[in-house]
Amino acid sequence: MTDALPSGSSAPTVLRIILGKRLRELRERQGIKLDAAAKVLGVNHLTIRRMENAQVGLKVPYVKELLRLYGVADAEIDEFGAMAERANAPGWWYPFRDALPDWFRGYVSLETDAEVIRVYEPHYVTGLLQTREYARAVISAGFPNEAPESLEHRVELRLRRQELLERTDAPTLWVVLEEAALRREVGGPQVMREQLDRLAEAAEMPNITLRIVPLAAGPHPGTGGHVTYFRFGERELQDIVYTEVGLTSAVYLDQRPDVVTHLEALTRVSLLAADHVPDPRTYLANLRKEFDK
């Protein structure tokens, strides 16, 4: 994986990404070119590249043949093959694949397996912390021509994503919201009151940190748009940054300079938010009163 995470109809699990990276490392360690590896399997060199970049499923016979070529011991080959079978299993989101744009499927996969998630959101409350009614209103605005049953399918997907916050191994979630996102009335005053209550509850959870950037804070490094940063417990997988590009695409970055630049920006914005709004719960309580009027 270089500057983009593969999407397609079957978004790769984190395990598949790790195994693909491992295949590339083993090949390069032996000094074997893509064409040479492809010749052993009787395939095009692009097939090897796609396997290494997690753009296709890992066919276990192919994997084992490559590992033999790379000089891997039989016991390790069997273990790797078993992991490849697990990596090919569809993620929990598979029944919702029709509700997931191609460019967002990788996001759900990464979100599910991340150890740390840091989000900067300038427009709406981040999806992991939305209430049902708030989510329905946001999704309705994004898909104005959606049939009611399809709309509810999308809402259910968003709520299912939130279940990771209740797991025993829940990720650490760090969210920075712009004041504009909280003042934008979504779904009416009652929906906003419930949403602000949900944020206040989330701020009490030990694995969640909430920061709010007031408009008075002025310009800052995050004003370019939504950013999500993922860190994983698996040492084989580097940090990944997700940024949206327009309405119909996104970019997944894993090159160190790109990741470091975004992480530094997230850190600066978070510190700025903490300076201006040291107690988000008090801020949310005061804002909630405005929606009582």
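The structure under discussion appears in the preceding block.
Being a predicted model, the structure only gives us computed values, none of them experimental.

Asks: Which residues make up the overall build of the chain, and what values go with them?
Replies: When you go through the chain residue by residue, the secondary structure sums to twelve helices and six strands. Overall, the chain is about 70 × 40 × 35 Å in size when its C-alpha atoms are taken along their principal axes. Classification of the 293 residues of the chain by burial places 48% in the buried group. Here the analysis covers contacts within the chain between residues at least 6 apart in sequence; of these, 73% occur between residues at least 24 apart. The chain carries 37 positive and 43 negative side-chain charges, and their two centres are separated by 3 Å.

Asks: So what about the layout of surface pockets? Which residues, and what values?
Replies: Of the voids in this model, the largest pocket is the one considered here, and its volume is about 990 Å³. For the largest pocket, the lining is made up of 30 residues, of which Trp-103, Tyr-124, Val-138, Arg-158 and Glu-244 are closest to its centre. Put simply, the parts of the chain that give the lining of the largest pocket at least two residues each are helix 6 (102-113), helix 7 (132-142), helix 8 (148-161) and strand 5 (240-245). Looking at the lining of the largest pocket residue by residue, the classes come out as 15 nonpolar, ten polar and five charged. Computed from the structure, the second largest pocket encloses a volume of approximately 320 Å³. What lines the second largest pocket is a set of 15 residues, among which Leu-19, Arg-22, Phe-80, Met-83 and Glu-236 lie closest to the centre. Secondary-structure elements contributing two or more residues to the lining of the second largest pocket are helix 1 (14-29) and helix 5 (74-88). Of all the elements, helix 1 adds the most residues to the lining of the second largest pocket, at seven residues. Among the residues making up the lining of the second largest pocket, the classes are represented as eight nonpolar, no polar and seven charged.

Asks: Can you explain the environment of Leu-199? Please cite residues and give values.
Replies: Position of Leu-199 relative to the elements: it lies in helix 10 (residues 189-204). Spatially, the C-alpha atom of Leu-199 lies 21 Å from that of Arg-154, the residues being 45 residues apart in sequence. Discounting chain neighbours no more than four positions away, the residues touching Leu-199 are Val-125, Leu-129, Leu-177, Leu-182, Leu-210 and Leu-284.

Asks: For the sheet that holds strand 3 (residues 208-213), give the residues involved together with the corresponding values.
Replies: As summarised here, the arrangement of the six strands in space is 3-2-1-4-5-6, forming an open sheet in which the pairing is mixed. Looking at strand neighbours, the two that pair on one side only are strand 3 and strand 6 (249-253), the edges of this open sheet. Each neighbouring strand pair of the sheet contributes to a mean axis angle of 15 degrees, computed without reference to strand direction. In this structure, strand 2 (residues 172-178) lies alongside strand 3, joined through six bridges in parallel fashion.

Asks: If you had to explain helix 8 to someone new, which residues and values would you point to?
Replies: Here helix 8 contains 14 residues, and its C-alpha end-to-end distance of 20 Å stays within 8% of the 20 Å for a straight helix at 1.5 Å per residue. Of all the positions in helix 8, only Leu-151, Arg-154, Val-155, Leu-157, Arg-158, Leu-159 and Arg-161 are classed as buried. As for helix 8, its buried residues are in contact with helix 6 and helix 7.

Asks: An account of the pairing of strand 2 is needed here, citing residue identities and associated values.
Replies: Consecutive side chains of a regular strand alternate in pointing toward one face of the sheet and then the other. Extensive coverage of strand 2 is indicated by the burial of five of its seven residues. Two strands pair when backbone bridges link them, and strand 1 (residues 116-121) and strand 2 are joined in this way by six bridges, in the parallel orientation. Its bridge partner being in strand 2, Glu-121 is matched across the sheet by Leu-177.

Asks: Account for the packing of helix 1 against helix 3 (residues 45-52), naming residues and giving values.
Replies: Viewed as axis vectors pointing N to C, helix 1 and helix 3 meet at an angle of 125 degrees, and their least axial separation amounts to 7 Å. What the angle tells us is that helix 1 and helix 3 run oblique. Counted together, Gly-20, Lys-21, Leu-23, Arg-24 and Arg-27 of helix 1 and Ile-48, Met-51 and Glu-52 of helix 3 form the full contact between these two elements. Taken together, the residues of the contact of helix 1 with helix 3 break down into three nonpolar, one polar and four charged.

Asks: Any details on the pattern of salt bridges? Residues and values, ideally.
Replies: Evaluated as defined, the whole model comprises 21 salt bridges. The residue Arg-136 makes a salt bridge to Glu-152 at a minimum N-O spacing of 2.7 Å. Taken together, the residues Arg-136 in helix 7 and Glu-152 in helix 8 connect sequence positions 16 residues apart. For Glu-152, a relative accessible area of 29% translates into the label partly exposed.

Asks: Tell me about the nonpolar core, and name the residues and values.
Replies: Counting 49 residues, the largest nonpolar core has Leu-129, Leu-173, Leu-182 and Leu-199 as its most contacted members. Take this core: its biggest share by element is five residues, from helix 10. In this structure, Leu-66, Leu-67, Tyr-70 and Ala-84 belong to the second largest nonpolar core, which totals 22 residues.

Asks: So, the packing of aromatic side chains: which residues are in play, and what are the values?
Replies: Taken as a whole and assessed by the stated rule, the structure comprises eight aromatic pairs. For the ring pair Phe-230 and Phe-232, a centre distance of 6.4 Å and an interplane angle of 25 degrees mean the geometry is stacked. Owing to a relative accessible area of 0%, Phe-230 belongs among the buried residues under this scheme. Looking at Arg-154, its charged tip hangs above the ring of Phe-143, at a distance of 3.8 Å from the centre. In this arrangement the basic side chain of Arg-184 is found over the ring face of Tyr-124, its NZ or CZ atom lying 5.7 Å from the centre.

Asks: Tell me what's going on with unusual backbone geometry, and back it up with residues and numbers.
Replies: Phi at Ala-54 takes a positive value of approximately 60 degrees, unusual for a residue other than glycine. Take Ala-54: it is sitting in the loop between helix 3 and helix 4 (60-69).

What counts, and at which threshold
- Residues numbered from 1 in each chain as written.
- Predicted model: local features only at pLDDT ≥ 70, side-chain atom pairs only at ≥ 80, totals over all residues.
- Heavy atoms only, no water.
- Helix = DSSP H or I, 4+ residues; strand = E, 2+ residues; numbered from the N terminus.
- Buried < 20%, exposed > 50% of the residue type's maximum accessible area, 1.4 Å probe, protein only.
- Contact = heavy atoms within 4.5 Å.
- Lys, Arg positive; Asp, Glu negative; His and termini not counted.
- Charge placed at Lys NZ, Arg CZ, Asp CG, Glu CD.
- 1 Å grid on protein atoms, 1.4 Å probe; cavity = no way out; pocket = protein on both sides within 12 Å on 5 of 7 lines; lining within 4 Å.
- Points joined across faces, edges and corners; volume = space filled by probe spheres on them.
- Nonpolar A, V, L, I, M, F, W, Y, C, P; charged D, E, K, R; others polar.
- Pairing = 2+ DSSP bridges.
- Axes fitted to C-alpha atoms, helices over the stretch in contact; angles between N-to-C directions.
- Expected span 1.5 Å × (residues − 1).
- Parallel < 35°, antiparallel > 145°, perpendicular 65-115°, else oblique.
- Salt bridge = Lys/Arg side-chain N within 4 Å of Asp/Glu carboxyl O.
- Core = buried A, V, L, I, M, F, W, Y, C linked by side-chain atoms within 4.5 Å.
- Phe/Tyr/Trp six-rings, centres within 6.5 Å; stacked < 30°, edge-to-face > 60°.
- Lys NZ or Arg CZ within 6 Å of the ring centre and 35° of its normal.

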